[in-house]
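Reading the structure
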Amino acid sequence: MNVVRSSFLYFLFMATPLYEAEMMITSQIVQRTLHSLPSCLDWRWIGNCLWSKCDLLGCEVQASIKVRHYRPDLLVTVQRTPSEMPWLEMRRALSSLQSSTISNATRVISSSQYIGAGGDVAVSIDLARNGDLRFFEVNVFGHPLEELPFGADRLRCQSVTQPTKPYYQSTLDVVSWRFAPIESVNPASLVPGRREIGYSIRNSWGAVYPRSGFVTQQSPAKAAAVIAQRACDIVLGPRGQHVALDLGSPHPYTKVPSHLDERDAATGRWQMISPVVDSTCALFGTDDPKWDVGRTNESRAFIWNLWRPYECCEPRGSFYLGTVHF
């Protein structure tokens, strides 16, 4: 085994982090999430659902309100190594499983040059010696906030995720997450600009495909954002060769997007909660050159909420007749 491969294996399985990530407990995550509730919730009464209610005296039509609002569905942690995951409770709960899985995958990946060293560093594994190539691990969980705290007179749509459930772990998807060539033949990887994060090639943060842990990006914060988008695309989109858990089915008379589009806020918006707390939600890919200022600390660990839009109405009556939208 050559020197480069030996070095990568050392960092993957033996190296300890240079800095401790900002550790957050569940209550802090919930508190920071609620910080953006006024701007990210976007609760709207969009129409009425019509129902038929029948008894021995006949039938009548009743109405219930139909609402649309965003809710924090998924929580994404992006970090250099599994030991630096910034969600303290989940890091402790998953550490043994992740360490065992990575160790068992040694024989699979040790013969390949596409090995994730773990670590937000300028690594070079190609002939061009690309100094902006970064690698991250990622986890996608059901958001720990179960109920949205707003007025009882407002209808709340129920999430399709289960709180704290791990829907994707890159350490359990070792081969696909570290072998970029697996998805390099996908049309989304071959067509320039097709799945770019950003509204132009000149402003691209990176491509969604191939969905691996490698990103060519000078900014650590933007590179981590690309990783978060890729991981949720795996959970919500086509899996391909990746390993992830399915979300639950929507509750009756509830609608939620079945995919995530990096350029369509109607499928989901992002809120950073570590290392800084955003008070608003937005798509990745802003052309603001100062976007990443102050968003990277020494730990190179990040946490994002993915807010997704829901539409629902409260059942009222025996038969659903349809919806009248405003």
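Cut-offs and rules
Every chain begins its residue count from 1, and numbering advances along the sequence as written. Given that the model is predicted, a residue must reach a pLDDT of at least 70 before its local features are reported, and side-chain atom pairs must reach 80 or more before they are shown or counted; all residues, however, enter totals for whole chains, interfaces and linings. Hydrogens and water molecules were not included; the side-chain quantities draw on all heavy atoms of the structure. Cysteine sulfur atoms that pair up within 2.5 Å are treated as a disulfide. Secondary structure counts use DSSP, requiring at least four H or I residues in a row for a helix and at least two E residues in a row for a strand, with both numbered from the N terminus. Summary of the burial criterion: residues with accessible area below 20% of their type's maximum are buried, those above 50% are exposed, and those between are partly exposed, where the area comes from a 1.4 Å probe applied to protein chains only. Every residue is assigned a pLDDT by the predictor, reflecting its confidence on a scale from 0 to 100. Contact between two residues is taken to exist if any of their heavy atoms lie within 4.5 Å; hydrogens are not considered. The set of buried Ala, Val, Leu, Ile, Met, Phe, Trp, Tyr and Cys residues whose side-chain atoms join them within 4.5 Å is what this entry labels a nonpolar core. In this scheme, strands are said to pair when DSSP sees at least two bridges between them. Helices are assigned an expected span. That span is 1.5 Å times one less than the residue count. Any carboxyl oxygen of Asp or Glu within 4 Å of a side-chain nitrogen of Lys or Arg constitutes a salt bridge here. Only residues whose relative accessible area exceeds 30% and that take part in no salt bridge are eligible for patches, with like-charged residues grouped when within 9 Å of each other and nonpolar side chains (Val, Leu, Ile, Met, Phe, Trp, Tyr) grouped when within 5 Å. A 1.4 Å probe and the Shrake-Rupley method give the accessible areas. Residues count as covered only by the protein chains that appear here.

Right, let's talk about the state of the cysteines for a bit. Across all of its chains, the model carries four disulfides by this definition. For Cys40, the disulfide goes to Cys281, at an S-S distance of 1.9 Å. Across the disulfide from Cys40 to Cys281, rotation about the S-S bond amounts to roughly 105°, and the bridge is consequently right-handed. Remark: Cys281 occurs in the loop between β11 (269-274) and β12 (302-313) and Cys40 occurs in helix α3 (residues 37-40); sequence separation between them is 241 residues. Here Cys40 matches Cys281 in class, with each residue buried. Two residues, Cys49 and Cys313, share a disulfide whose sulfurs are 2.4 Å apart. On the S-S bond that ties Cys49 to Cys313, the torsion sits near -100°, and the link is left-handed. Taken as a pair, Cys49 in strand β1 (residues 44-55) and Cys313 in strand β12 lie far apart in primary sequence, 264 residues in all. On the basis of relative accessibility, which here comes to 7%, the residue Cys313 falls in the buried class.

To continue, consider the confidence of the model for the protein. For the protein, mean pLDDT is 83; residues scoring 70 or higher make up 82% of the total. Under a pLDDT of 50 for its full length, residues 1-19 has, in the predicted model, 36 contacts with residues more than four places off or in other chains. Contacts of residues 122-130 to residues separated by more than four positions or lying in other chains number 15 contacts, the stretch itself having pLDDT below 50.

A few words on the nonpolar core. The tendency in soluble globular proteins is for nonpolar side chains to be buried as a group. By size, the foremost hydrophobic cluster in this structure holds 39 residues, and its most contacted members are Val78, Tyr168, Trp270 and Trp304. Broken down by element, this core gets its largest block of residues, twelve residues, from helix α8 (residues 220-236). Residues in contact with Trp270, not counting those within four places in the same chain, are Val76, Ala228, Gln229, Cys232, Leu260, Thr280, Cys281, Ala282, Phe284, Trp304, Asn305 and Leu306. If you look at the next biggest cluster of nonpolar residues, it comprises 18 residues, including Trp43, Tyr70, Cys157 and Val256.

Next up on the list: the pairing of strand β2 (residues 58-79). Here eleven bridges tie β1 to β2, and the two strands are oriented antiparallel to one another. Each residue of the ladder has a partner; that of Leu50, found in β2, is Ala63. Taken together, the twelve bridges between β2 and β12 define a ladder with antiparallel strand orientation. Residue pairing across strands places Arg68 opposite Glu311, the latter belonging to β12. Examined bridge by bridge, β2 and strand β5 (residues 137-142) share six bridges and lie antiparallel to one another.

Another aspect to go through is unusual backbone geometry. The residue after Tyr209, namely Pro210, is reached through a cis peptide bond having omega -5°. Positive phi, normally seen in glycine, also occurs at Thr164, with a value near 65°. Judged by its relative accessible area of 31%, Thr164 falls in the partly exposed class. Residues other than glycine seldom take positive phi values, yet Tyr253 does so here, at roughly 60°.

This paragraph deals with α8. Since the α-helix turns once every 3.6 residues, residues separated by three or four places project in the same direction. Helix length check: α8, at 17 residues, gives a terminal C-alpha distance of 24 Å against a target of 24 Å (1.5 Å per residue), a fit within 8%. With 17 of 17 residues buried, α8 is to be regarded as a mostly interior element.

When their charged atoms lie close together, side chains carrying opposite charge are able to pair. Applying the stated criterion to the full structure yields twelve salt bridges. With its nearest N and O atoms 2.8 Å apart, the salt bridge here joins Arg211 to Glu183. Within this pair, whereas Arg211 is found in the loop between β8 (206-207) and β9 (214-216), its partner Glu183 is found in the loop between α6 (174-178) and α7 (187-190), the two being separated by 28 residues in sequence. By relative accessible area, Arg211 is classed as buried at 2%. Close ionic contact of Glu262 with Arg195 constitutes a salt bridge, the shortest N to O distance being 2.7 Å. With Glu262 in the loop between β10 (254-255) and β11 and Arg195 in the loop between α7 and β7 (196-197), this residue pair connects regions lying 67 residues apart in the sequence. Across the pair, exposure class does not vary: Glu262 and Arg195 are buried alike. Connected through shared salt-bridge partners, Glu183, Arg195, Arg211, Asp233 and Glu262 make up one network.

Moving on, we come to the environment of Leu321. Looking at the element boundaries, Leu321 is found in strand β13 (residues 319-325). Distance from Leu321 to Ser52, taken between C-alpha atoms, is 6.7 Å for residues 269 residues apart in sequence.

This brings us to a nonpolar patch on the surface. On the surface, a cluster of nonpolar side chains totalling about 330 Å² of accessible area is made up of Val61, Phe319 and Leu321. By the element assignment, Phe319 lies in strand β13. A relative accessible area of 52% places Phe319 in the exposed class.

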